[in-house]
Amino acid sequence: MVLRLLTLNLLSSLFLVVKCENMSVVFSWKQISYNFDGILYTKSSDYDRSGFDIVHFADDLDDPEKFFIQYNNVPIGFEQHGDRVFVTVPRRRHGIPSTLNYVKLSSAEPILQPYPDVARSQSLISVYRPRVDECGRLWMVDTGMLEVPGERKQVQPPAIVVFDLSTNRQVLRHELKPSVLVDERTPAGLTSITLDVDPRGCGDAYAYITDLATSGLIVFSMRDRDSWRIEHDSFKLDESAMNFTVAGHIISWRDGLFSMALSGRDAAGRRTAFFHPLVSTQEFSIDTEYLKTRAIGNHVRLLGTRGPLTQSGSHDYHNSSKTLFFGNVAQDGILCWRTDKPLTMNVVLVAQDREKLVYISDLKVKGDEVWVLANQIPRFVYSVLDPSQNNFFLMKAKVQDLIRSTKCYS
Ligand SMILES: *[C@@H]1O[C@H](CO)[C@@H](O)[C@H](O)[C@H]1NC(C)=O
Ligand SMILES: *[C@@H]1O[C@H](CO)[C@@H](O)[C@H](O)[C@H]1NC(C)=O
């Protein structure tokens, strides 16, 4: 009996190890700390110690007035460019000192520094998942919303904001018109942005912004400085895919369209956009031409069902292997699908870790690697994180190591 138990234990730990052996930790955090121009905030601080208001008289500040409440800082999005990793902390609680930040990859400790600098970072209210384009520009949506439960407040209109990473200057701020927003819930749902840059020049680019709250897609044309809204049934959640569990908590979130990933270009220069709601096990696609011309008509294709427990947040496309990678929140893992095969029966769980991949909240293909940020947010929302343990993980793996000897490998 004891022997059998031992064997079982061995087998199950072997299984876990095997499923994550190809991934390495880039950074992990027990809690988030900040470096504001050399002033370190490694624990909660009622005041901004860098300012002129160093003399304080009040002892009992209310939470909304507090500068830094460490536990409330949960990273949700990231992007990597050169030696920098950008990390966002959306303002979903009080005490978030800066929503857009970066860490040098060479840092020994991943302490966040406001981007582009302390002063200018304060023009952003709340940023989720930023993305760098082929022209070295960092794009994001600032939702403009303070999302503290019970005290939600639209501080400024939601806007697309772009920084040039070579100069760290803001090169675009496009406020979204009320006509692309359904109601007061829409701004907080604008949590991911996908970029489609014309190969002939950086001046011509489209951004596709997913709206998970009111189930739509906002398309922005850089050349026309104009945006418009597209709606379709495939952007809505699937009721039958609700109630999956993460870290033992039943997830009853009603998130619609969550992620859009673009293929490479075909001979005619056209690209396919793959997309899904979070609460769904289906995948859809559309030629981006129809998004640009505002005429999606009946061009949305249902590609099929990925399989049970495949509810996924962010996904991204690796061009040379024609493979999509999914942050599979319902199984603490990463899925792959080689897009030149039928979807159904060809989706593979290529990594799984019940500690380091619990709620992958962002996933990006960077060159020939897959990078993910996992943040255990269901535990933060429904239970409590243990600040003495590693809670947030930035992980990466080589595409070839993930897909070798699976159906995603040719
Ligand atoms: C999800 O849970 C809700 C509330 O318990 C229930 O009404 C609904 O039928 C469930 N849906 C599924 C697909 O399990
Ligand atoms: C994607 O890969 C194909 C080869 O499979 C190549 O011809 C094409 O240029 C690549 N596209 C991009 C956008 O990198």
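Located above this text is the structure these notes cover.
The model shown is predicted, which means the values in this text are computed figures rather than measured ones.

The rules behind these values
- Residues numbered from 1 in each chain as written.
- Chains lettered and ligands numbered in written order.
- Predicted model: local features only at pLDDT ≥ 70, side-chain atom pairs only at ≥ 80, totals over all residues.
- Heavy atoms only, no water.
- Disulfide = S-S within 2.5 Å.
- Helix = DSSP H or I, 4+ residues; strand = E, 2+ residues; numbered from the N terminus.
- Pairing = 2+ DSSP bridges.
- Axes fitted to C-alpha atoms, helices over the stretch in contact; angles between N-to-C directions.
- Near = heavy atom within 4 Å.
- Polar contact = N/O pair within 3.5 Å; in protein donor to acceptor, adjacent residues only side chain to side chain.
- Areas by Shrake-Rupley, 256 points an atom, 1.4 Å probe, with all protein chains shown as cover.
- Salt bridge = Lys/Arg side-chain N within 4 Å of Asp/Glu carboxyl O.
- Buried < 20%, exposed > 50% of the residue type's maximum accessible area, 1.4 Å probe, protein only.

A. Region of the structure containing the state of the cysteines. Per the counting criterion, the structure on display carries two disulfides. The disulfide that involves cysteine 135 links it to cysteine 202, with 2.0 Å between the sulfurs. Looking along the S-S bond of the cysteine 135-cysteine 202 disulfide, the torsion reads about -90 degrees, which is the left-handed sense. Of the two residues, cysteine 135 is situated in the loop between strand S8 (131-132) and strand S9 (137-142) and cysteine 202 in the loop between strand S14 (192-197) and strand S15 (205-211); the sequence distance between them amounts to 67 residues.

B. Quick look at the sheet that holds strand S23 (residues 301-305). Strand order in the open sheet formed by four strands is S20-S21-S22-S23, with antiparallel pairing between adjacent strands. Across the chains shown, the open sheet's two edge strands, defined by having one partner strand only, are strand S20 (257-262) and S23. For this sheet the average axis-to-axis angle between neighbouring strands, irrespective of direction, equals 25 degrees. Bridge analysis of S20 against strand S21 (residues 272-277) gives five bridges, and the strand direction is antiparallel. Its bridge partner being in S21, serine 259 is matched across the sheet by histidine 276.

C. Molecular detail of the site of ligand 1. The immediate surroundings of ligand 1 are formed by Glu239, Ser240 and Asn243. In the environment of ligand 1, an oxygen atom lies 2.4 Å from a nitrogen or oxygen atom belonging to the side chain of asparagine 243. Here ligand 1 loses 28% of its free accessible area of 360 Å² to cover by the protein chains.

D. Geometry of the pattern of salt bridges. If you walk through the whole model with that rule in mind, you get 25 salt bridges. Between glutamate 147 and arginine 152 there is a salt bridge, with the nearest N and O atoms lying 3.9 Å from each other. You can call glutamate 147 buried: its relative accessible area is 10%. Each of Asp196, Arg265, Arg271 and Lys292 takes part in one network of salt bridges that share partners.

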